[in-house]
Amino acid sequence: MNQPIMMGIAILFPVLFGLFILIYPGFQSRKQLLTVSGTALCITAVLALLVVLGGDLSLTVLQFGENLKIYFRIDALGRLFAVLICCVWLLAGFFSFEYMKHEKEERRYFGFYILVFGVLLALCFSGNLITYYVFYEMMTLTTVPLVLHSKTKEAIMAGLKYLFYSLCGAYMVLLGIYFMNQYTDTLDFTPGGSLDVVSAFGHETLLLVIIFFMILGFGVKAGMFPMHAWLPTAHPVAPAPASAVLSGLIVKMGVLGVIRTVFYIAGPEFIRGTWVQTTWMVLALITVFMGSMLAYREKVFKKRLAYSTVSQISYVLFGLALLDPQAMTGSLLHVVFHAFIKSCLFMCAGAVIYKTGKTNVDDLTGIGKEMPVTIWCFTFASMALIGIPPASGFISKWYLATGSLQTGLPVFSWLGPVILLVSALLTAGYLLPVTVKGFLPGNDFDYDRLEKKEPVKMMVVPLSILAALTILLGVFPNRLVSYIQGIIQSIM
């Protein structure tokens with residue numbers, strides 16, 4: 001089969017199959033629905049991986065003008081995100097097969113879940129800013145049903161809030177596209193940027209404002225202050241596996257949008273040393289500290305993890321804002337590690353809720369005695385998020401801190417590592433008590449009431465794989481580091 005056509009099929013197949021599941025009324029049983037959904041997930045992942053392994057491919061779908069086209073092209077950055085999405089989406093999907101038993105409207109859930117898989121692959125394979133924007137909007141619209149799945153008043157309000165914030169951010173990006181089309185040679189993603197120096201001359205101030213709006217617009221999805229409020233509202237109300245992919249992957253599409261804008265359209269040198277870089281770093285560091293502090297104070301289990309995501313994604317944004325190869329290596333490493341870590345943590349929380357109904361952290365005393373495998377997975381992922389060696393989070397945070405120190409930027413070169421360290425301590429403060437109280441409930445705990453509540457293998461196996469990856473990627477990071485440094489070398 002023609003390789004570019006296969007790229008189109010990899011995107012179109014899950015979209016059509018998801019729509020089929022949503023529309024087709026003839027599923028005879030739950031088993032039939034799960035068989036069809038599982039088959040669709042596996043076929044999509046195989047198709048995507050074949051595209052990833054197929055070399056540099058391109059496919060133009062529609063052409064509206066010289067610079068306006070729906071255009072797909074796979075590059076090294078797209079490959080990284082596509083493989084990450086395939087891994088996490090499959091594991092969370094199989095976890096859903098058991099978890100969604102106690103949720104209603106499973107057909108709707110799996111239909112949208114598979115459909116979004118195709119939309120995310122389209123974002124990874126997007127070859128220009130127009131294509132990215134179209135599927136970025138589609139991602140918002142197709143993930144709203146995952147947020148409001150339970151149809152409670154809280155879920156509906158959270159879904160509307162998510163939609164409002166996301167559309168506001170997308171309109172900022174759309175404004176940027178209008179202007180960038182006038183001042184760039186092409187809207188195709190070009191390593192190092194495609195800004196036309198001659199056209200931009202005399203319009204630098206306007207362009208800096210536009211680029212800042214685009215960073216802020218994509219930063220909405222990434223949960224960057226001051227547009228972060230939707231995230232701790234929307235993520236906790238979704239079913240746990242949906243929360244896992246929302247927090248582990250969907251927010252990363254905002255990060256990918258920032259990378260494409262700064263490093264593939266505007267060019268990092270255009271904003272280096274400007275107020276845009278300074279403001280971007282300030283907002284990122286505020287978000288890191290604020291998110292960690294709010295997570296530390298939060299008592300609702302899933303909401304605590306959602307605030308944690310607000311903080312951790314801004315680790316990535318801060319590293320990107322430094323415009324330093326070492327720091328950017330840390331950022332892209334943290335994109336990968338955080339996806340596995342946070343998906344594992346949310347799915348552990350989901351397993352606890354599924355088996356015990358407990359949603360508050362204070363109610364989890366002794367949970368390690370009842371669900372030892374689940375809480376050990378939670379512990380390993382927590383170690384990685386804190387940055388305890390040799391877990392994966394230590395590697396990414398090391399690159400971020402050393403990259404910040406070597407930039408020589410006034411204040412930020414040392415303030416960044418300080419805030420990252422404080423955030424790591426707060427992360428330990430809001431994650432480790434679950435482990436400590438879970439395994440060491442104390443003498444006052446009623447041990448006679450304990451009963452084993454470990455979930456079935458369909459939930460435990462994905463958790464165990466994710467937990468293992470959070471450690472193994474820290475022990476054996478060299479191949480991933482080399483691959484990421486190759487991406488950075490081409491754009492810096």
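Owing to the predicted nature of the structure, the values given are computational and were not obtained by experimental measurement.

Enquirer: For the overall build of the protein, give the residues involved together with the corresponding values.
Expert: Along the protein, the regular secondary structure elements total 20 helices and two strands. A compact globule built from 492 residues would reach a C-alpha radius of gyration of about 23 Å, and the protein, at 22 Å, matches this within 12%. Its C-alpha atoms put the protein at 75 × 60 × 45 Å along the principal axes. Counting over 492 residues, the protein shows a buried share of 62%. Pairs at least 24 residues apart make up 80% of the contacts formed inside the protein by residues separated by at least 6 positions. Carbon and sulfur atoms make up 66% of the accessible area of the protein, which totals about 18100 Å². Taken as two groups, the 32 positive and 24 negative side-chain charges of the protein have centres that lie 6 Å from each other.

Enquirer: Tell me about the side chain of T329, residues and numbers included.
Expert: Within the secondary structure, T329 sits in helix α14 (residues 325-356). Residue class for T329 comes out buried when judged on its relative accessible area of 2%. Look past the residues within four positions of T329 in its chain and what remains in contact with it is Y399, V481, I484, Q485 and I488.

Enquirer: Mind laying out the environment of F378, listing which residues take part and the relevant values?
Expert: Structurally, the position occupied by F378 is in helix α16 (residues 372-386). Taking C-alpha positions, F378 is 17 Å from G357, a pair spaced 21 residues apart along the chain. When sequence neighbours within four positions are dropped, the list of residues in contact with F378 reads F301, L345, C348, L431, V434 and T435.

Enquirer: Which residues make up unusual backbone geometry, and what are the values?
Expert: That bond from F225 to P226 is cis: its omega, 10°, falls within 30 degrees of zero. Considering the arrangement of structural elements, one finds P226 in the loop between α8 (204-221) and α9 (231-237). Here the bond from P389 into P390 is cis, since omega is 5°, no more than 30 degrees from zero. Its place among the elements puts P390 in the loop between α16 and α17 (392-407). Positive phi is not limited to glycine here, since L323 has a value of about 55°. As for its position among the elements, L323 is in the loop between α13 (301-321) and α14.

Enquirer: Describe the packing of helix α12 (residues 275-297) against helix α18 (residues 412-439), listing the residues and the values that go with them.
Expert: Interhelical geometry of α12 versus α18 gives an angle of 20° and a closest axis separation of 8 Å. Here α12 lies roughly parallel to α18, going by the angle between them. In the packing of α12 onto α18, the handedness of the crossing is left-handed. Counting all contacts with α12, which are made through T278, M281, V282, L285, V288, F289, S292, M293, A295 and Y296, the residues of α18 involved are F412, L415, G416, I419, L420, V422, S423, L426, T427, G429 and Y430. For the contact of α12 with α18, the per-class residue count stands at 15 nonpolar, six polar and no charged.

Enquirer: So what's going on with the pattern of salt bridges? Which residues, and what values?
Expert: Tallied over the entire structure, the rule returns eight salt bridges. In this structure, the salt-bridge partner of E105 is R108, at a minimum N-O distance of 3.9 Å. Residue classification places E105 among the partly exposed positions, given a relative accessible area of 41%. A salt bridge links K151 to E105; its shortest N-O distance comes to 4.0 Å. Of this pair, K151 sits in the loop between α5 (129-147) and α6 (153-183) while E105 sits in the loop between α3 (76-99) and α4 (106-125), placing them 46 residues apart in sequence.

Enquirer: With reference to specific residues and values, describe the pairing of strand β2 (residues 69-73).
Expert: The buried fraction of β2 amounts to four of the five residues, a majority that puts the element mostly inside the structure. In this structure, the hairpin formed by strand β1 (residues 58-63) and β2 is closed by a connection of five residues.

Enquirer: Give a description of the pairing of β1 that names residues and reports values.
Expert: Judged from the five bridges that link them, β1 and β2 form a sheet pairing that is antiparallel. Bridge pairing in β2 places T60 opposite Y71.

Enquirer: If you had to explain the packing of aromatic side chains to someone new, which residues and values would you point to?
Expert: All told, the structure shown has 24 aromatic pairs when counted by the stated rule. Judged by centre distance (5.9 Å) and plane angle (70°), the ring pair of F17 and F20 falls under edge-to-face. Of the two residues, F17 and F20 both sit in helix α1 (residues 3-23), three residues apart, roughly one turn of that helix. F20 sits in the partly exposed class, given a relative accessible area of 37%. Considering the side-chain rings of F212 and W275, the 5.5 Å spacing of their centres and the 55° angle between planes classify their relative orientation as tilted. Highlighted residues: F212 in helix α8 and W275 in helix α12, separated in sequence by 63 residues. These aromatic residues form a ring-pair network of at least three members: W89, F94, F97, Y109, F110, Y113 and F117. Its guanidinium or amino end placed over the ring of Y136, K221 lies 5.5 Å from that ring's centre, counting from NZ or CZ. Seen from the ring of Y264, R260 lies directly overhead, with NZ or CZ sitting 4.8 Å from the centre.

Conventions and cut-offs
Residues numbered from 1 in each chain as written. Predicted model: local features only at pLDDT ≥ 70, side-chain atom pairs only at ≥ 80, totals over all residues. Heavy atoms only, no water. Helix = DSSP H or I, 4+ residues; strand = E, 2+ residues; numbered from the N terminus. Rg over C-alpha atoms; globule rule 2.2 N^0.38 Å. Buried < 20%, exposed > 50% of the residue type's maximum accessible area, 1.4 Å probe, protein only. Contact = heavy atoms within 4.5 Å. Areas by Shrake-Rupley, 256 points an atom, 1.4 Å probe, with all protein chains shown as cover. Lys, Arg positive; Asp, Glu negative; His and termini not counted. Charge placed at Lys NZ, Arg CZ, Asp CG, Glu CD. Axes fitted to C-alpha atoms, helices over the stretch in contact; angles between N-to-C directions. Parallel < 35°, antiparallel > 145°, perpendicular 65-115°, else oblique. Left-handed = near helix turned anticlockwise from the far one by under 90°. Nonpolar A, V, L, I, M, F, W, Y, C, P; charged D, E, K, R; others polar. Salt bridge = Lys/Arg side-chain N within 4 Å of Asp/Glu carboxyl O. Pairing = 2+ DSSP bridges. Phe/Tyr/Trp six-rings, centres within 6.5 Å; stacked < 30°, edge-to-face > 60°. Lys NZ or Arg CZ within 6 Å of the ring centre and 35° of its normal.

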